[in-house]
Structure formats: structure tokens, C-alpha cells
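# Structure assessment
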Amino acid sequence: MNQIVATARRFAPSLDGDKLIVAAFAIIVAVPLFVFVVLPLASILKRSFATAEGYGLGNYVQYFGDARFVGIVGNTLLVAACATAITIVLAYGFAYAMHRSAMPFKRTLGLVALVPLFAPSLVQALGVLFLLGRNGIINRTFDLGIDIYGFWGIVVADVFYSFPHAYLILSAALAVADARLYESGRTLGASDLRLFFTVTLPSTKYGLMSAIFIVFTIVITDFGNPMVIGGDYDVLATEIYNQVSGQANFEMGAVIGMVLLVPAAIAVAVEKWVTRRQYAVIGAHSQPLSVRPDRRFDRIMFGYALVICIAILAVVGIVFFASFVRLWPYNMSLSLRHYAFDVQNGMQPLWTSIYVSLLAAVIGIIFVTGAAYVIHKIRSRWAGVLYFMSILPAAVPGMVLGLGYILAFNDPDNPVYMIYGTLLILAICNVYHYHAQGFLIATTSVKQVSGTFDEASTTLGAGFLRTMRSITLPIIWPSVISVGVFFFVRSMVTLSAVIFLITPSTQLAAVSVLLLDDAGNQNQAAAFSVCIMLVVVAVLVLFQLLLRACGVRGESLIR
Amino acid sequence: MSPSDRITRNVFLSLRDIGKNFGAVAALKSVSLDVEHGSFVCFLGPSGCGKTTLLRVVAGLEEPDSGEILLEGSDLTRVPARLRNFGVVFQSYSLFPNMTVAHNVAYGLNCRKWPAPRVAERVKRMLELVHLADQAGKYPHQLSGGQQQRVALARALAPEPRMLLLDEPLSALDAKVREDLRGEIRDLQKELGITTIMVTHDQDEAMEMADRIVVMSHGVIDQVGSAVELYTAPATRFVAEFIGRINVLRLDGDVGGAPGIGGLPLHRERGGRSRTIGIRPEDVEIVDEPTAGDNVFTGQVDKVVYLGNLTRVTLDIAGQKIALEQRDCAGVAPGATLSVRIPPGAIHDLEGIDT
């Protein structure tokens, strides 16, 4: 023992080998977080204040004095408010049907509700156009003259796009309930309606607020749908693209970036504040609520859920259908010609996307799980700094991050310039764009291990590396896989951040869909979308089967 | 503990002025304690009293903000947990779910690079010690809670640790299993002669198992002593109320030169003058002749509760409730008038800490 103490004393107090390894790990994850998150944001901030006469508020004064710009801000908020309200009501009803009724086919309906997650954001707009557009099935068949382009088009497409996100959050809120409250209420003579307003709604209010803010953020920062279906109705996300890509107006781009950043940041901050409060709803003594069948109620709920699912499937299904139509709407005969991909770069963007997504998955696994792990290992206030940087990207809209990358890295003096314009920077951009979500997935499982398993291992004499090799990784690997799959899927379907970073030789599949649609080539755009969705679904199924084959249950890959 | 004790006792682990804050909360306020070689010590107290933090400081899982830890005279304060060679058993079993029982037990030995044949032999021996030799190939989730905790014990003891640290090892188990394991852990500890610290919030557990009990509240040690010492001579009101039941009485002002109850003086042996006193329910005697003697008080019976081996009678004397527990209380009924005697020698002075 004295020998052990003596050995330890040689390292003590600050040069303990384990502490050095942890510090090294922390630096390895912290440096890229700083470079790829903080630096781009700082660049935008700086550029937005840069005027011909030095730094000042000139740009802000100029654009906020511009009636058109103010109008676009108003447009964006209006669309976001409207789409959020509709999405939340629909998703709450759907989650309610899933958890509080005894309707049949819950599993299938629940899966269908998540389908929009597997598609790039503009696919919803594409589907809505095939259904309700000037040449859409409905107008063609019934000749109603509906004009979907513009405000309502964006709203409808974004409702579809954000529905699964809202549903997942509300589903978590409605899945748990304290049966005792309902029983007490009923014995006191409360009607079902009164119970809903006095028990259900209050106990899900945090989930509800969470969902509202998440959806609001998704809608104001969405780029794909407004691009395809917005028509003349400009919103900030499309405007930033037009100003930067079309006119190289970086000053205005930076101002819009800041304007987009503010509501998104507020929404995320409030959402974090709200979720921290959520845990008290269910205590250790709560009784789980069991759903009692009620034929009439279950039928109504089933009908409602069915309508929602049919709508979701219709939007995605019509895109599938359109990808096989010879020339929508003039020649509706079926053909495989759009899958020849004989224009543009052919199939190349799809392979590029898969490659970038794989790269993002690997980088994500290493750096994002690394960040989650190392934060639990360090006990100083640096853990707080690292945590903040890790979840900061949740508040940064993709368009803003992408613009930040241009401003920060499109500069030969910056070392990152070496990889500027390569596939690597696209993968990195995707990882740090979705860093917060990936980080939270990893943190959940790291937390389970880092408590007692880690401590047990340490007290038995294991060092950092042995604990990681023999305990942590063997226990959390399903979550590590899940983080990788998350980054793969997001990278396949994302458009907003990378749109600023692609070059003709590094074009991605989702961008191809946008360009094909823009060129009036809707059928090929549909075919390309289908390919993206098939790749995503194939990867999800493959890994879910893999996990099951390894005996892992309850690890959901759908995030 | 007096200085002379320290010389005669064989001090193994010594904690000196340990302080630990979590943010603005002081979890430990300058705690000092000596643990004798080969003894079984319990840290006892309500949740949030700092007992688990103190154990984690000993284990090296928390670094103290101030103070030092000495093990047989050498400074352990900055030695990382993995180099301390202490066996730790956690409340939540914490067996590695990806390893079999045998691999769990072998883990600490492999960390110390024991040769394989010795590891196998030691694992076998440890599992025999906890009566689980036949479960070696199973995974933790295939075992019951009690079995898992016994494996955890075997795993902690396998590398021949200097000390055994148990963090509420029994509180996640069923009552029956808990009873069995209490005895089993205590036997094992005696057999191996290993110095052991156990954290618990269960006073019965502490009294049954420990040589010495360390009662803690609000980050400080209230009292250290054997079960008998704590029960018969509690140093503070907190200890008096936490260990067993006790009546706490507020005395009136001067009644014939000494504080009293309801206008009658209360005599006590230890000559204390504190205004708050404690008296154990079993020490209160029923007096047949209502008028006789010193320290006899008369009141009205408030409640009578039959407990099987005992009957608990609650009495209202001058507005204060006094409970007494006696074997034979035949004929005592609520509303009746009853006289009781408080023996001078059984009175505990509780002032100083009273609020």
C-alpha cells in the first residue's frame, strides 16, 4: 500500500495520468467545437456590424428602414405562427389518440406519422404541389382553381414537415400520466372534458411548450419548402439565400442571419428551461395510466389518426407516383425514364450524399459521443463551457451556420480554407449543424454508464482507457450506433447549411432535388427524392435489424 | 474521543477537517473522524446529511475542498480512487451488465494484472465465500437483487482491498433479503478482519451491524459511539430523536429552585438545568398511588395503542404529551387519569442543540 501511495504521490496532485488523458480528450472535442460553431457565428456577428465607415449599426439601420425587408420579417413570423398553431393542434390530437385511446393499428399509424423525417424538407412542398398545385391532381380533376403557391403553400408544407417533430415531443409528454389523478378526479365527479382541461392539459404543458418552440424554430428556419412552394412570398430563409448566393450581398445576409438567430435562440433557451421543469410531473409513487377501451371514442380517434396518416402518405406517395410519370401533367403514363438521371451530374450527387453522410456519421460518432463522454468526466467549470458549445448549435439555423462558414473559412488565411470546397467540410458542417441533438442522444446513455458503472470500475483499479474499453463502449455501443445513424439520416436530407458550401463538384442529392425542381424538372426531382428516402429507410431498417440481431431492444433509431 | 483513547486505539483511517461544497451547499463542514483497524463503522443519518459524500471522499470519488485523509499515517487525499485499493459496493449493484458474474469478480484482478491461474482461483474462492459458486457463468440480469449485491461484495473484496466501503448496500433490497444479508456481510467482515465503513439511513441496520456508529446531520458529525452509548447517552437532541423513540419535554421556569413541569419540580440525577429534556418511553413508570413521591406527574390518558409485546400510552400532562411503553397496562383507557414517575437517572439533557 505504501508503495501505491508513493507511486500516486509522484503524479499527485495535478499530473495524474487519467486527468491528462481526460484533458487531452476535452481539447480534442473542444477545439473543433470552437472552430466550427463559435467562429462562424462570430464572423456573422462581425460582418453584420461591418460598414464602409468601420463598425456600426449601419447595416441594421439600412435594412430595417427598408419596407420590403421589414415585410419579409413579418411574412416569416406570420407563416411560423400559423404553421406552428396548426401543427401543434394536429400533433397533440394524434399523440392523444396514440396514448389515450385504445384504437387499433397504433404501431403502424405511429410509424407513418414519422415518415416526413426521412425526406428532405422540400419533398413536402413537392408533394403538396403535385396534389394541390396549378397542375396538381386536385385542380386537374375537380378544376377548383386553387392557388397554393405562397403563404398557404408554405404553411401546409411546413405543417407536414414539422409534424413528426411535434408528435415525438408530445408523444413523450402524453405517454406518461399519473392514474391516481384521473381516479381522484373521477371519484370527485369530473367529466372527461373537465379531466382533460384540469389534469391532462396541465400535466402536458411543458411538453406542449417544448413542442411549440421546436416547431416555431423549424418553420422560421426552413429553407426547402418556401423555396419550392413560396412563389413570390419571401421569407427570411429564402431571402438570405437569394442575397448571398444570387447577389453576394454578405452584409444583408449577415443581418438576416442575426435576425434569424434571435428568435431561434430564444425558442431554444425557453425550450431548455421548460424541459428542466418537466421531470416533477411523475413521481416515484405515480401509477401508470391504463387506457380503457371505449368504442365510440376509440373509433373517433382512429378516424382522426387515419386521416392524418392518409394525408402524410398522400404527400409522400404522390412524389413516388410522380417519379414514375412520363411528363406530369401532360403525359401521365408510367415510365422509369426519370430514374436514368441523364441530366446534370446524373447519379453522382446521390453517391456524394451517401459518402458525405457516412463521413458525418463517423465524425459524429467520434466527436459528438466524445464530447458527451468527456463532459461527464471533467469536474471543473470547463464542463459548463463545453456543454454550452455542444448545445449552442440547436439555436443556430442551418442557413446561418452555412453563411458563417463562408464568412469564416472562405479566406486563404484561415487554415480551414484547405478543406473549403471539399466533401469533408460538408460532413463537418452537418455534424456541427446537428451537434446538439446528437449530443443529447449520446448524453442520455453516457449518463447511465457514467454514474455507478464508471465509479465501480475506477474503485476496482481501472484507468480511464480500460474503463472506456471494457465498460463504457460495450454498454453504450447501441447508442453510439444510434448517434451515427442520426447523423447519416440528417446529412442525407439536410439542405439548409450545406447549400452555401457546395461546389459544382461536390453537389449533394437534396440540392439536386432543389435544382431540378427549379429547372422545371419536377418528375426527375421526385425521382431523386425517392432515391434519398429509399437510402434513408434502407439504412434505418438495416441498422434496426442489426441491433435486433445483437439482442438490443428499445434503442430507437428514429429521432 | 479523548486523547488517551487515540493512543490506545489502533487508528487505521483518519479524516481531518474534511470540507466539501457543492456550489453554495456545504455538504461536509470540517468533519474529523478516526476509524480503528478491523472495525465496522456505520455512517448514519437522514438523506442529505452528508454521509454518502463523506464515504465518496474516503473512496476518492469526490475530492474534498479542504482537510486531509490519512491511511496508517500516509496522506491519501490526492490519491486517485483507482490507486487507493478500497473495495466499494454501491446501492445500485452496479455490476457490469456486459460481463458474467465471474468476469465481474475478476475485473479488479485483471486491472492489477494478476496471472490468469491466480485470478481463476481467487474468483472461485470469492464466489464460494458469498455462496454463489454455481452462478459464475450467469449475467447480472439473470440474478436476483440479493444475489447481485453478493456478487458486488465478492467483486469488491477480490483484489484484497485495504478497506471495504458500502454505500447503502441493502436499501434496494426486499426486507427479508436485507435481514439475511446484514448477517452475511457482518460475518464476512469479521472473518476477513477488514476495516469497513457502511453508509445507511436505517438505524436498526446500523445498530445491528456496526461496532461504532457515526451519526451525522447537516454536514457535521453529531456523535460517534456504540449503539448502547448512542441510545443511553445521546449527545444531542438530534441523536436522541434519531436513535429510538424519545419524549421531548419543555420545562417551565423555576419551580422551587429547579425547572419543572406543570408547577411541580423535576429532579434529575445528572444535575442538569437545561430547559429541554428527553425521556425514553420505556423509562416512564406507571405509579399506582397517584400522590406518592418525587418526579410524579399526573395527567389524562390521551391514547392507548396495543403493540403486541408492549402497549403505548400517550398522556397529556400540563399541555405536553408524554408517551410511555409498558408490558402491562391493563385497565388503562383514554380519558382516565394516570400518574407516572420520571426516574431522575433516565432524564437526558437535550439543551444546546435545541431550537
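Residues numbered from 1 in each chain as written. Chains lettered and ligands numbered in written order. Predicted model: local features only at pLDDT ≥ 70, side-chain atom pairs only at ≥ 80, totals over all residues.

If you tally the helices and strands in chain B, you get nine helices and 21 strands. For the C-alpha atoms alone, the extent of chain B along its principal axes is close to 80 × 45 × 40 Å. In chain B, buried positions account for 41% of the 355 residues. In chain B, of all internal contacts separated by at least 6 residues, the share reaching a separation of at least 24 is 67%. (Helix = DSSP H or I, 4+ residues; strand = E, 2+ residues; numbered from the N terminus. Buried ≥ 20, exposed ≤ 12 C-beta atoms within 10 Å, placed from the backbone. Contact = placed C-beta atoms within 7 Å.)

So, about the overall build of chain A. For chain A, the helix and strand inventory stands at 24 helices and four strands. Rg of the C-alpha trace for chain A: 25 Å, near the compact-globule value of 24 Å for 559 residues, within the 12% margin. The principal-axis extent of the C-alpha atoms belonging to chain A is close to 90 × 70 × 50 Å. Counted over contacts in chain A with a minimum sequence separation of 6, partners at least 24 positions apart contribute 82%. (Rg over C-alpha atoms; globule rule 2.2 N^0.38 Å.)

Attention now moves to the interface of chain A and chain B. At the junction of the two partners, chain A supplies 24 residues and chain B supplies 26 residues. Of all the elements in the fold, those that place two or more residues in the side of chain A that touches chain B are α1 (2-11), α21 (452-459) and α22 (464-493) of chain A. With six residues, the single largest contributor to the side of chain A that touches chain B is α21(A). Looking at the side of chain A that touches chain B, its residues break down into 13 nonpolar, seven polar and four charged. (Nonpolar A, V, L, I, M, F, W, Y, C, P; charged D, E, K, R; others polar.)

For the rest of this paragraph, the subject is the sheet that holds strand β21 (residues 348-349) of chain B. Residue and element names in this part refer to chain B. Taken in spatial order, the three strands make up an open sheet running β11-β15-β21, and their pairing is antiparallel. Two strands close off the open sheet at either side, each with one partner strand: β11 (247-250) and β21. Where strand β15 (residues 276-279) meets β21, two bridges bridge the pair, whose relative direction is antiparallel. When the sheet's bridge partners are listed, isoleucine 277 is paired in β21 with aspartate 349. (Pairing = 2+ DSSP bridges.)

Here we take up the sheet that holds strand β17 (residues 296-306) of chain B. Residues and elements named next belong to chain B. Here five strands make up an open sheet; going across it, the order is β16-β20-β17-β18-β19 and the pairing antiparallel. Whereas interior strands pair on both sides, the edge strands pair on one side only; in this sheet they are β16 (285-287) and β19 (320-326). On average, adjacent strands in this sheet sit at an angle of 50° to one another, irrespective of strand direction. In terms of strand pairing, β16 meets strand β20 (residues 337-341) through three bridges, oriented antiparallel. (Axes fitted to C-alpha atoms, helices over the stretch in contact; angles between N-to-C directions.)

Strand direction decides the pairing type here: strand β13 (residues 258-261) of chain B and strand β14 (residues 264-265) of chain B, joined by two bridges, are antiparallel. Residue pairing across strands places B:Ile261 opposite B:Leu264, the latter belonging to β14(B).

Here we take up the packing of α22(A) against helix α24 (residues 522-549) of chain A. All names here are of chain A. Running from N to C, α22 and α24 point in directions that differ by 175°, and their axes come no closer than 10 Å. As far as their axial angle goes, α24 and α22 are roughly antiparallel. Where α22 approaches α24, its residues Pro478, Ile481, Val485, Phe488, Val489, Met492 and Val493 are matched on the opposing element by Ile532, Val535, Val536, Val539, Leu540, Phe543 and Leu547. Taken together, the residues of the contact of α22 with α24 break down into 14 nonpolar, no polar and no charged. (Parallel < 35°, antiparallel > 145°, perpendicular 65-115°, else oblique.)

All names here are of chain A. With eight of 11 residues buried, helix α13 (residues 236-246) is to be regarded as a mostly interior element. The set of residues buried in α13 consists of Leu236, Ala237, Thr238, Glu239, Ile240, Tyr241, Gln243 and Val244. Directly after α13, the chain includes alanine 248, whose backbone phi takes a positive value near 50°.

The next point concerns helix α2 (residues 17-49) of chain A. Residue and element names in this part refer to chain A. For α2, with 33 residues, the first-to-last C-alpha span of 46 Å sits near the 48 Å given by 1.5 Å per residue. Along its length, α2 shows its largest kink, about 35°, at phenylalanine 34. Ala26, Val29, Leu33, Phe36, Val37, Pro40, Leu41, Ser43, Ile44, Arg47 and Ser48 are the residues of α2 that are buried. (Expected span 1.5 Å × (residues − 1). Bend = angle between axes of the 7 residues up to and from the residue.)

Here we come to unusual backbone geometry. Most of the time, phi is negative for any residue but glycine, and the peptide bond is trans. Residue and element names in this part refer to chain B. Despite not being glycine, glutamate 72 shows a phi value in the positive range, around 45°. By secondary structure assignment, the location of glutamate 72 is in the loop between β4 (66-71) and β5 (74-75). Of note, the phi angle at glutamate 168 is positive, near 40°, even though the residue is not glycine. With respect to the helices, strands and loops of the structure, glutamate 168 is situated in the loop between β7 (163-167) and α6 (175-192). With 21 C-beta atoms packed within 10 Å, glutamate 168 lands in the buried category.

Here we come to the confidence of the model for chain A. Residues and elements named next belong to chain A. Taken over all residues, the pLDDT of chain A has a mean of 87, while the share at 70 or more is 95%. Per-element confidence in chain A is highest for helix α19 (residues 423-433), whose mean pLDDT is 95, and lowest for α1, whose mean pLDDT is 45. In this model, residues 1-14 is a region of pLDDT below 50 whose contacts with residues beyond four sequence positions or in other chains number 17 contacts. (pLDDT = per-residue confidence, 0-100.)

All names here are of chain A. Orientation of helix α6 (residues 121-132) relative to helix α15 (residues 295-324), taken along the N-to-C sense of each, is 80°, at an axis distance of 8 Å. As summarised for this structure, α6 and α15 are arranged roughly perpendicular, according to the angle between their axes. The segment α6 lies against α15, with Val123, Gln124, Leu126, Gly127, Val128, Phe130 and Leu131 engaging Ala314, Val315, Val316, Ile318, Val319 and Ala322.

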